[in-house]
Amino acid sequence: TDPADVAAAFDAELAAIEGTGAQVKHCSRELRDPICHNTFRKIAAMDRLAEYLGSDAAEFYIPYLNHEYWRLREHSLQKAAEAIRMGGGDLLASQFDSKQVDPAIGIMAAFALSGDKAGIKLARKALASDAPELRRQAMHTLAKLEGTQALAAIQDRLSKTEDELERTGCEEALLLIAESS
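Analysis parameters
Residues numbered from 1 in each chain as written. Predicted model: local features only at pLDDT ≥ 70, side-chain atom pairs only at ≥ 80, totals over all residues. Heavy atoms only, no water. Helix = DSSP H or I, 4+ residues; strand = E, 2+ residues; numbered from the N terminus. Rg over C-alpha atoms; globule rule 2.2 N^0.38 Å. Buried < 20%, exposed > 50% of the residue type's maximum accessible area, 1.4 Å probe, protein only. Contact = heavy atoms within 4.5 Å. Areas by Shrake-Rupley, 256 points an atom, 1.4 Å probe, with all protein chains shown as cover. Phe/Tyr/Trp six-rings, centres within 6.5 Å; stacked < 30°, edge-to-face > 60°. Axes fitted to C-alpha atoms, helices over the stretch in contact; angles between N-to-C directions. Parallel < 35°, antiparallel > 145°, perpendicular 65-115°, else oblique. Nonpolar A, V, L, I, M, F, W, Y, C, P; charged D, E, K, R; others polar. Salt bridge = Lys/Arg side-chain N within 4 Å of Asp/Glu carboxyl O. Polar contact = N/O pair within 3.5 Å; in protein donor to acceptor, adjacent residues only side chain to side chain. Core = buried A, V, L, I, M, F, W, Y, C linked by side-chain atoms within 4.5 Å. Disulfide = S-S within 2.5 Å.

**Student:** Which residues make up the overall build of the protein, and what values do they have?
**Tutor:** Secondary structure assignment for the protein yields 10 helices and 0 strands. For the protein, the succession of helices and strands along the chain, N to C, is α-α-α-α-α-α-α-α-α-α. Taken over C-alpha atoms, the radius of gyration comes to 18 Å for the protein, in line with the 16 Å a tight globule of 181 residues would show. Projected onto its principal axes, the C-alpha positions of the protein cover 60 × 30 × 30 Å. The proportion of buried residues among the 181 residues of the protein is 47%. At a minimum sequence separation of 6, the contacts of the protein that also span at least 24 residues come to 57%. If you sum the accessible surface of the protein, you get close to 9300 Å²; carbon and sulfur atoms cover 50% of it.

**Student:** Talk me through the packing of aromatic side chains; I want residue IDs and the actual numbers.
**Tutor:** For the structure shown, the criterion picks out 1 aromatic pair. Taking 6.2 Å as the distance between ring centres and 55° as the angle between the ring planes, the aromatic pair formed by Tyr69 and Trp70 counts as tilted.

**Student:** Can you lay out the packing of helix 3 (residues 39-53) against helix 5 (residues 70-94) for me, pointing to particular residues and giving the numbers?
**Tutor:** Interhelical geometry of helix 3 versus helix 5 gives an angle of 5° and a closest axis separation of 10 Å. It follows from the interaxial angle that helix 3 and helix 5 lie roughly parallel. For the pair formed by helix 3 and helix 5, the contact residues are Thr39, Phe40, Lys42, Ile43, Met46, Asp47 and Ala50 on the first element and Arg71, Leu72, His75, Ser76 and Lys79 on the second. Broken down by class, the residue content of the contact of helix 3 with helix 5 amounts to 5 nonpolar, 3 polar and 4 charged.

**Student:** Help me get a handle on the environment of Asp2, residues and values and all.
**Tutor:** Among the structural elements, Asp2 can be located in the segment before helix 1 (3-15). Take Asp2: its relative accessible area is 39%, and that puts it in the partly exposed class. Separated by 38 residues in the primary sequence, Asp2 and Phe40 have C-alpha atoms spaced 8.6 Å apart.

**Student:** Any details on the pattern of salt bridges? Residues and values, ideally.
**Tutor:** Applying the stated criterion across every chain, the model contains 13 salt bridges. We note a salt bridge from Arg124 to Glu146, for which the minimum N-O separation is 2.8 Å. With Arg124 in helix 7 (residues 118-126) and Glu146 in helix 8 (residues 132-146), this residue pair connects regions lying 22 residues apart in the sequence. Among the ionic pairs, Glu166 bridges to Arg135, the shortest N-O distance being 3.0 Å. In this pair, Glu166 sits in helix 10 (residues 164-180) while Arg135 sits in helix 8, placing the two residues 31 residues apart along the sequence. With a relative accessible area of 10%, Arg135 lands in the buried category. Within this structure, Asp11, Arg48 and Glu51 form a network of salt bridges that share partners.

**Student:** Talk me through the side chain of Ser28; I want residue IDs and the actual numbers.
**Tutor:** Topologically, Ser28 is positioned in helix 2 (residues 20-30). Judged by relative accessible area, which is 18%, Ser28 ranks as buried. From its side chain, Ser28 meets the backbone oxygen of Lys25 in a polar contact 2.9 Å long.

**Student:** How would you explain helix 2 if you had to name every residue and give the values?
**Tutor:** Of the residues making up helix 2, those classed as buried are Gln23, Val24, His26, Cys27, Ser28 and Glu30. Summarising the contacts, the buried residues of helix 2 are in contact with helix 1, helix 3 and helix 4 (58-61).

**Student:** Which residues make up the nonpolar core, and what are the values?
**Tutor:** With 51 residues, the main nonpolar core has Leu65, Leu92, Ile107, Met108, Leu134 and Ile154 as its most contacted residues. Counting residues per element, this core draws most heavily on helix 6 (residues 101-114), at 8 residues. Not counting chain neighbours up to four residues away, the residues in contact with Leu134 comprise Ser98, Val101, Ala104, Ile105, Met108, Ala126 and Ser129.

**Student:** Quick one: what's the story with the state of the cysteines, residue by residue and with numbers?
**Tutor:** Throughout the structure, instances matching the rule amount to 0 disulfides. With no disulfide of its own, Cys36 lies 15 Å from the sulfur of Cys27, the closest cysteine sulfur. Under the relative-accessibility criterion, Cys36 is labelled partly exposed at 35%.

Below, the structure written as structure tokens:
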């Protein structure tokens with residue numbers, strides 16, 4: 001399936017719907033089920049929501065920010081990072097809950113990608129989580145947003161952790177800092 005053809009068909013559906021509110025509703029319906037395998041329709045819906053809502057579209061991306069399918073994950077991260085740069089960071093940050101690991105990982109990744117320093121506060125909060133995969137993303141986020149300023153915190157975690165996933169996250173974060181220096 002050609003993504004451009006799917007996007008064109010989705011746009012044709014939207015053109016037949018009267019009113020922006022109804023078009024937004026149609027797009028949000030498309031994104032309601034993250035498990036459904038209509039990837040290119042979901043991507044088209046994300047694109048249209050970004051056009052219609054600007055940074056307010058960020059909330060629709062959350063279920064996809066740490067999605068198992070790379071196309072949806074990467075596209076939603078790009079859209080969320082754009083939304084953060086346009087002022088949608090507060091909306092995403094307000095949805096951050098370290099007890100909901102997958103969305104929290106995705107939200108931190110979006111902040112890291114955007115370069116918005118507000119992600120540092122989320123990452124520091126995530127370090128207290130019981131979930132090693134969340135702490136791993138926290139290390140990545142700190143490395144991307146703080147750079148060498150995060151070295152002490154990362155090295156401290158690396159020396160104290162007994163969790164293999166967190167240790168790997170610390171090592172990856174150190175490599176991110178070395179690559180950016």
